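Structural features, examined
These are the residues of each chain, in order.
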Amino acid sequence: MNIFKALFGGKDNTSPEKRKEEEDRRNFDILKYDGVKAMQTGRFDYAVQCMKHALQLREDLETRDYLSQAYIKTGNLSAAYKQLQKLAEAQPDNIEIPIRMAQVAYMMEDYTAMAEACEKALLIDDTDAESVYLYGRACVGQDDISNAKAMFTKAIMLNSNHEDAYAMRATILLEEGELEEAESDIEWLTSRAADNEDIMMLKARLEIKKGNDPEAEKWLDNIIDINPFCLAAYKERAALRMHKGDVSGAKEDELKIEEMGAYEGISTEENIEQKTQEAYNNSNPYFNS
């Protein structure tokens, strides 16, 4: 408005449409700012409401991105995925969007959607190691282990320092009984992150497969020293001790497992022993890295 008209009562000739447009712009800015501030302070439910109302006033890709992040934090993964789909339509050449779609699909355990998102990412850049790695994880989820191993190998070729790809390939090699190849990957991992619990567990499982129970138990001891609440380590150590005849040691671990509620509803020692022996014989190697 002209300042002289404002001071001396001049008529405001701004159209109603223009005034509404300005009001919507101000409200959009306020809502977006409040939403970002809410995310920074951990109030993600409120952030969702702010971002949703802001988008009703104006389409804005950054706000839609914030909304997807807020949905993830509130556990509404399907809503987050839908927001990412809209972002992908608006920016089809942005590889970060299908990568995040793949990550959200993984959290939803929707491995078909995860694979599709990875394929979209690879159409943008077929040399992106992270997209190849995530494709491998999708293959694992679909029980396509042969292609999973190929994808992890390709990810390593594209990024020779991709620790997660090494860990997943080693896990598959262990399950397939290819111990020499698995050991090569595990040694590479332990040389770089020897205190990582997942890598230490891989090392313990390798030693079990090799029949080297004392070495395996040493690695399980190390895991428990680092993390006294690592349930998987207690389970495997109890099974290992029972297997080698250390009944008292196995009982100690079984009691610890009971304390942590691992075998809720199981009261007899016989059932506990059965469970720990099953853990030794049939432990699932596909840990979450």
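Before any of the text, the structure's been laid out above.
Each residue is numbered by its place in its chain's sequence as written, counting from 1. Totals for whole chains, interfaces and linings use all residues, but because this is a predicted model, local features are given only for residues with pLDDT of at least 70 and pairs of side-chain atoms are given and counted only at 80 or more. Only hydrogens and water are set aside when side-chain values are computed; all heavy atoms of the structure are taken into account.

1. Brief notes about the packing of helix H10 (residues 163-175) against helix H11 (residues 179-193)
Running from N to C, H10 and H11 point in directions that differ by 150°, and their axes come no closer than 8 Å. Taken together, the axes of H10 and H11 lie roughly antiparallel to each other. Here the hand of the crossing between H10 and H11 comes out left-handed. Within the contact between the two elements, H10 uses Glu163, Tyr166, Ala167, Arg169, Ala170, Leu173 and Leu174 and H11 uses Leu179, Glu181, Ala182, Asp185, Ile186, Trp188, Leu189, Arg192 and Ala193. We call Asp, Glu, Lys and Arg charged. Ala, Val, Leu, Ile, Met, Phe, Trp, Tyr, Cys and Pro are nonpolar, and the rest, Gly among them, are polar. Among the residues forming the contact of H10 with H11, the class breakdown is eleven nonpolar, no polar and five charged. A fitted line through C-alpha atoms represents every axis, and for helices the fit uses only the stretch in contact; the resulting angles, taken between N-to-C directions, go from 0 to 180 degrees. Put simply, DSSP H or I for four residues or longer makes a helix, DSSP E for two residues or longer makes a strand, and each gets a number counted from the N terminus. What sets the label is the angle itself: under 35 degrees gives roughly parallel, over 145 gives roughly antiparallel, 65 to 115 gives roughly perpendicular, and the rest give oblique. Should the near helix be turned counterclockwise from the far one by less than a right angle, the crossing is left-handed, whereas a clockwise turn marks it as right-handed. Contacts are assigned to residue pairs that have any heavy atoms within 4.5 Å of one another.

2. Some points on the environment of Leu61
By the secondary structure assignment, Leu61 is in helix H4 (residues 61-74). Note: C-alpha distance between Leu61 and Gln83 (22 residues apart in sequence) is 9.7 Å. Beyond its immediate sequence surroundings of up to four residues, Leu61 is in contact with Leu87, Ala90 and Gln91.

3. Some details on unusual backbone geometry
Of note, Glu109 is a non-glycine position whose phi angle comes to about 60°, a positive value. Tracing the sequence through the fold places Glu109 in the loop between helix H6 (96-107) and helix H7 (111-124). Residue classification places Glu109 among the exposed residues on the basis of a relative accessible area of 60%. You will see that Asp143, though not glycine, has its phi angle at about 60°, which is positive. Residue placement: Asp143 occurs in the loop between helix H8 (129-141) and helix H9 (145-158). Note on classification: 1.4 Å probe, protein chains only; a residue is buried when its accessible area is under 20% of the maximum for its type, exposed when over 50%, partly exposed between these limits.

4. What about the nonpolar core?
In plain words, nonpolar cores are sets of buried Ala, Val, Leu, Ile, Met, Phe, Trp, Tyr and Cys residues tied together by side-chain atoms within 4.5 Å. Among the nonpolar cores identified, the biggest contains 47 residues, and Tyr81, Tyr133, Leu134, Tyr135, Phe152, Leu189 and Leu202 are the most heavily contacted of them. Secondary-structure elements contributing two or more residues to this core are helix H5 (77-90), H6, H7, H8, H9, H10, H11 and helix H12 (197-209). Looking at this core element by element, the count peaks at eight residues for H10. Counting 15 residues, the second largest nonpolar core, distinct from the first, contains Ala204, Trp219, Ile223 and Leu240.

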